[in-house]
Structures are given as structure tokens and as C-alpha cells.
Amino acid sequence: MRSLIAGNWKMNGRMADLRRIVAPLGAAAGQLGCDLLICPPATLLAPAARLLDGTAVALGGQDCSALADGAHTGELAAGMLHDAGARWVILGHSERRANHGESDAAVRAKVLAAQAAGLAPIVCVGEHEAQRLDGQAVAVVSGQLAGSLPDGFAGVVAYEPVWAVGTGRTPGEADVAQTHMAIRAALVARFGTAGRGMRILYGGSVKPCNAAALLAVPEVGGALVGGASLDAEDFLAIARAAPQLSKAGQGG
Ligand code: PGA
């Protein structure tokens with residue numbers, strides 16, 4: 001299976017940034033042996049889709065409502081993201097869980113809405129530092145998976161330790177391996193064969209200097225990249241550090 005390198009722009013980016021960041025990705029993506037995805041703010045989805053038309057770079061949103069169209073001021077329905085060109089959506093990011101009080105049940109409802117609208121969800125899970133120090137990382141992540149993934153889940157999981165997001169700190173490779181193996185076991189136990197083929201991304205301070213080591217860890221199927229995705233050269237350097245597989249060798 002090809003790695004997925006996904007960029008989460010968070011609340012960054014204006015029209016003027018599209019040509020600088022997105023155009024070089026579109027030009028390079030066809031030569032890469034991994035899949036590229038960028039998740040800019042919703043305001044930039046439609047213009048980014050026009051710039052990326054005919055390239056191998058996919059587009060995603062950073063959140064969506066669990067609700068359908070209607071009287072929900074300020075919300076974005078999953079179908080609106082799809083209409084603007086998105087085929088993916090990040091859900092349950094730690095910043096949404098912390099700043100907007102999103103529970104596992106709320107994330108699960110959003111996953112269902114996303115899938116119904118034709119978006120592939122990337123569901124984020126990860127422990128706080130105190131929980132890791134307490135030896136609870138795997139238990140916390142397992143609980144989040146059980147609560148956030150609905151039956152029939154067909155997407156990607158991103159393991160993002162909260163303390164590694166935007167801090168420049170990353171877990172050791174053995175810790176990443178242990179958590180990713182636990183996530184794989186949980187996915188297989190719950191979804192059987194389908195769970196074997198789901199990609200599990202690592203996220204949290206992925207940079208060109210640490211990408212090769214993190215992406216080589218067993219069961220790491222790609223990266224969710226925040227800060228470094230705002231620089232086309234850095235983002236492409238991370239993509240080139242991913243194990244490179246041709247489309248033909250992609251498997252399930
Ligand atoms: P970071 O963010 O790469 O800036 O740590 C990752 C994320 O929040 O998805």
C-alpha cells in the first residue's frame with residue numbers, strides 16, 4: 001500500500017499562498033511513489049481544486065458538521081466540502097477535541113456524515129503527555145478508536161500524540177511502533193480484513209529531518225503534517241522520505 005502524506009494547513013493560508021505552496025506540489029506529485037493530500041482552510045478548497053485539476057494531489061477539509069444542510073449558522077456540511085473539491089476530511093483533530101469539546105461520539109457522528117457525502121475520513125487519536133507518562137497511551141488511544149470509529153468505517157487513522165503536535169517533540173520510534181501496532185490490532189479485531197488494509201498515519205512535528213525515521217517504523221502508513229506542510233519544499237522532502245511504491249505495486 002502506498003504511504004499517504006497529508007498536509008493540515010490549520011487556520012493558515014490566503015489566496016496568495018496557493019500558487020507558492022500548491023502549484024509546486026501539483027507539478028511534483030506525479031513522480032512520487034506515495035499519495036499526496038492537502039487540507040487547506042475551506043475558503044481555499046475550490047481555488048485549490050482548480051489549480052490541482054489534472055494533478056495527483058488530493059484535497060481535504062479539516063472538519064465537517066455531523067448535520068446535513070439546514071439552519072446551522074457557521075457550519076459546513078460534508079457535502080459542501082465535496083462540492084468544493086474535497087475527497088477527504090480530517091476529523092477529531094486534537095485541536096478540535098480540546099478547543100471545541102469534541103467527544104468521541106461527536107467525532108463518530110461526523111465520520112458517518114463524511115462517509116455518506118463521499119469523503120474519506122482521517123480520524124485523529126492521541127494521548128496527552130500526562131497520560132503517556134502514566135503508561136496510559138495505548139489505553140487512551142484504544143478508547144478513542146472504539147468511540148470515534150463507527151461500524152463500517154472506511155478511512156484512515158492518524159496517531160497524533162497531543163504533546164507532539166506543534167512542539168518540535170516526537171516520541172521515540174519504539175513508542176510509535178508500539179502504539180501503531182496496538183492501533184492495527186484494534187482495527188483488525190473490529191473490522192477484520194478491512195482493518196488490515198487501513199492506513200495508520202503518524203502526526204506530530206513531522207519534519208524533513210525526522211520523516212525518514214518515522215515513516216520507516218512498522219505500521220506507519222504515512223504522515224499527517226502540520227507546520228511543515230506550509231512550505232512546499234519541506235512537504236515534498238517529507239513525501240520523498242516515505243517508502244516509494246509504484247501505483248502498480250499498491251496492493252489493497
Ligand atoms: P505539526 O501538526 O506537524 O505542526 O506538529 C500536526 C497536526 O496537527 O496534524
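Our subject in this report is the structure included herewith. Note that the structure is predicted; figures quoted are calculated from it, not measured.

**Regarding the packing of helix 7 (residues 137-148) against helix 8 (residues 173-191)**
Taken N-terminus to C-terminus, the directions of helix 7 and helix 8 make an angle of 35°; their axes are 10 Å apart at the nearest point. Considering only the axes of helix 7 and helix 8, their crossing is right-handed. For the pair helix 7 and helix 8, contact is made by Val138, Val141, Leu145 and Ala146 and by Gln178, Thr179, Ala182, Ile183, Ala186 and Arg190, respectively. Split into classes, the residues belonging to the contact of helix 7 with helix 8 amount to 7 nonpolar, 2 polar and 1 charged.

**With respect to helix 11 (residues 232-241)**
Within helix 11, burial applies to Ala232, Phe235, Leu236, Ile238 and Ala239. For helix 11, the arc enclosing every buried residue in end-on projection is 155°, short of the 170-degree limit, so these residues lie on one face. Those residues of helix 11 hidden inside the fold are in contact with strand 1 (4-8), helix 1 (15-29), strand 2 (35-39), helix 10 (208-215) and strand 8 (222-225). For helix 11, the N-terminal cap is Asp231; the gap from its side-chain oxygen to the backbone nitrogen of Glu233 is 2.9 Å.

The rules behind these values
Note on numbering: residues in each chain are counted from 1, in written sequence order. With the structure being a predicted model, the display of local features is reserved for residues of pLDDT at least 70 and the display and counting of side-chain atom pairs for 80 or more, all residues being used for whole-chain, interface and lining totals. Side-chain measures here rest on the full set of heavy atoms in the structure, leaving out hydrogens and waters. Under this scheme, a helix contributes an axis fitted over its contacting stretch, all axes are lines through C-alpha atoms, and angles between N-to-C directions fall in the 0 to 180 degree range. By the criteria applied, helices consist of DSSP H or I runs no shorter than four residues and strands consist of E runs no shorter than two, each listed in order from the N terminus. Crossings are sorted by hand: turned counterclockwise from the far helix by less than a right angle, the near helix makes the crossing left-handed, and turned clockwise it makes it right-handed. The criterion used for residue contact is that any of the two residues' heavy atoms lie within 4.5 Å. The classification used treats Ala, Val, Leu, Ile, Met, Phe, Trp, Tyr, Cys and Pro as nonpolar, Asp, Glu, Lys and Arg as charged, and all other residues, Gly among them, as polar. Exposed residues in this analysis have more than 50% of their type's maximum accessible area, buried residues have under 20%, and partly exposed residues fall in between, with area computed by a 1.4 Å probe over protein chains only. As used here, the arc is the angular range of directions from the helix axis to the C-beta atoms. What qualifies as a polar contact is a pair of N or O atoms within 3.5 Å, subject to a donor-acceptor requirement within protein and to the restriction that residues adjacent in sequence count only when both atoms come from side chains.

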